[in-house]
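# Observations on the three-dimensional arrangement
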Amino acid sequence: MCSAHAPAAYRWADEADDAADAAAGRSAEDSPAGRRAATDESGRRRRLEYPPAPEPLPVPVVDNHTHLNFRDGLVEVGVKEALDAAAAVGVDRAVQVGCDLPSSRFTVEALEIDARLLGAVALHPNDAPLYAARGELDAAYAEIEQLAQHPRVRAIGETGLDYFRSKGDALAVQDSSFRWHIDLAKRLGKTLQIHDRDAHDDVVRILTEEGAPEQVVLHCFSGDEELARTCNENGWFLSFAGTFTFKNADNLRRAIAMAEPSRILVETDSPFLTPHPYRGRPNASYMVPYTVRSMAEVLGADLAELCSRLSANTEEAYGSWT
């Protein structure tokens, strides 16, 4: 049973407008000036209100991949407020992830704001070609390496391959950028956090060719039982996001059944990939319990035991928060 509202920090402040909409018989999608709805890149209407808060988990877990700097929805929420809202439902810590220079700089700044965060910094596979096209890739690498020195930056990521959005010459830059980030993670003794979209075989091949770091996380795991078996064999972590709850995600449900229990993590990738039944709405770390409960149901696992396992696995992947 979830509460009636999103956490206070995520609510639209002007309740008078809500009342006016109700009096006029308007739905959220029909509210004036695009205030309550928007159109996505596919031309579909999507609601901008944050979903209701779920029932708290019995044992705290960690959102091991979030983008607190990315704005979505109707309100802008600060780092502390976002983490407070998550903690209220049993998500007591998070990993803030950079994917370009501005978001990686933000990550390091956020680590100084709240001790409940660890960080990851990198150039996303879709961003590295943009830096290369401007002749700025080497300078960007140098800054990422400098930012990664922060003691609470525990991961290099998200890096990897994306064959969905990038094509042509950009793929060669992705390949070399992925290899550079692998080397950086090994040199600094950091976890490697991988973005893998439609590129499973090449991600595994490059990791094998380069030699993977000691700790590897496949963020927003999107493979099937075959890739899960490869992760088991190599000791890599599988991080499941809200996509796990989607009706068409049979591959993920087969994968988690195959995965070693000690290799399973949970994340939001917020503000993206909001779990069912709120798919398409803005996402945030407080939404993790929806995904965890779905994982427990598929695994036939006791919820508290699964939460304890997820928390322990996350500290195995990134180290202690203290």
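## Topic: the sheet that holds strand S9 (residues 237-240)
Across the sheet, which stays open at both edges, the eight strands sit in the order S3-S4-S5-S6-S7-S8-S9-S10 with parallel pairing between neighbours. Among the strands making up the open sheet, the edge pair consists of strand S3 (61-66) and strand S10 (264-266). Between one strand and the next, the sheet's axes are offset by a mean angle of 30°, whatever the strand orientation. Along the sheet face, helix H6 (residues 170-188) touches strand S6 (153-162) and strand S7 (191-197) and points at about 160° away from the line of S6.

## What to know about the packing of helix H10 (residues 288-299) against helix H11 (residues 303-318)
With their axes 10 Å apart at the nearest point, H10 and H11 run at an angle of 115° to one another. In terms of orientation, H10 and H11 fall into the roughly perpendicular class. As for how H10 packs across H11, the hand of that crossing is right-handed. Between H10 and H11, the residues in contact are Val292, Arg293, Met295, Ala296 and Leu299 and Leu303, Leu306, Cys307 and Leu310, respectively. A breakdown of the residues in the contact of H10 with H11 according to their chemical character gives eight nonpolar, no polar and one charged.

## Here we look at the packing of aromatic side chains
Summed over all chains, the structure comprises seven aromatic pairs. Put simply, the rings of Tyr10, Tyr50 and Tyr286 touch in pairs and so form one group of aromatic residues. Directly above the aromatic system of phenylalanine 164 lies the positively charged group of arginine 197, at a separation of 3.7 Å from the ring centroid.

## Considerations on helix H8 (residues 225-234)
Within H8, burial applies to Leu227, Ala228, Thr230, Cys231 and Asn232. Residues of H8 that are buried make contact with S7, helix H7 (200-210), strand S8 (216-218), S9 and helix H9 (250-258). Just downstream of H8 lies glycine 235, where phi reads positive at about 75°.

## What to know about the pairing of strand S4 (residues 91-97)
For a regular strand, side chains alternate in direction, first toward one face of the sheet and then toward the other. Across the seven residues of S4, six count as buried, placing the element largely inside the fold. Of the pairings in the sheet, the one linking S3 to S4 comprises four bridges and is parallel in character. Residue pairing across strands places valine 62 opposite arginine 93, the latter belonging to S4. For the crossover from S3 across helix H2 (residues 79-87) to S4, the handedness is right-handed. With four bridges joining them, S4 and strand S5 (residues 117-121) adopt parallel strand pairing. Its bridge partner being in S5, valine 97 is matched across the sheet by alanine 120. Handedness of the crossover joining S4 and S5 through helix H3 (residues 101-113) is recorded here as right-handed.

Each value, and the rule that gives it
Residues numbered from 1 in each chain as written. Predicted model: local features only at pLDDT ≥ 70, side-chain atom pairs only at ≥ 80, totals over all residues. Heavy atoms only, no water. Pairing = 2+ DSSP bridges. Helix = DSSP H or I, 4+ residues; strand = E, 2+ residues; numbered from the N terminus. Axes fitted to C-alpha atoms, helices over the stretch in contact; angles between N-to-C directions. Contact = heavy atoms within 4.5 Å. Parallel < 35°, antiparallel > 145°, perpendicular 65-115°, else oblique. Left-handed = near helix turned anticlockwise from the far one by under 90°. Nonpolar A, V, L, I, M, F, W, Y, C, P; charged D, E, K, R; others polar. Phe/Tyr/Trp six-rings, centres within 6.5 Å; stacked < 30°, edge-to-face > 60°. Lys NZ or Arg CZ within 6 Å of the ring centre and 35° of its normal. Buried < 20%, exposed > 50% of the residue type's maximum accessible area, 1.4 Å probe, protein only. Right-handed = clockwise from strand over helix to strand, strands pointing away.

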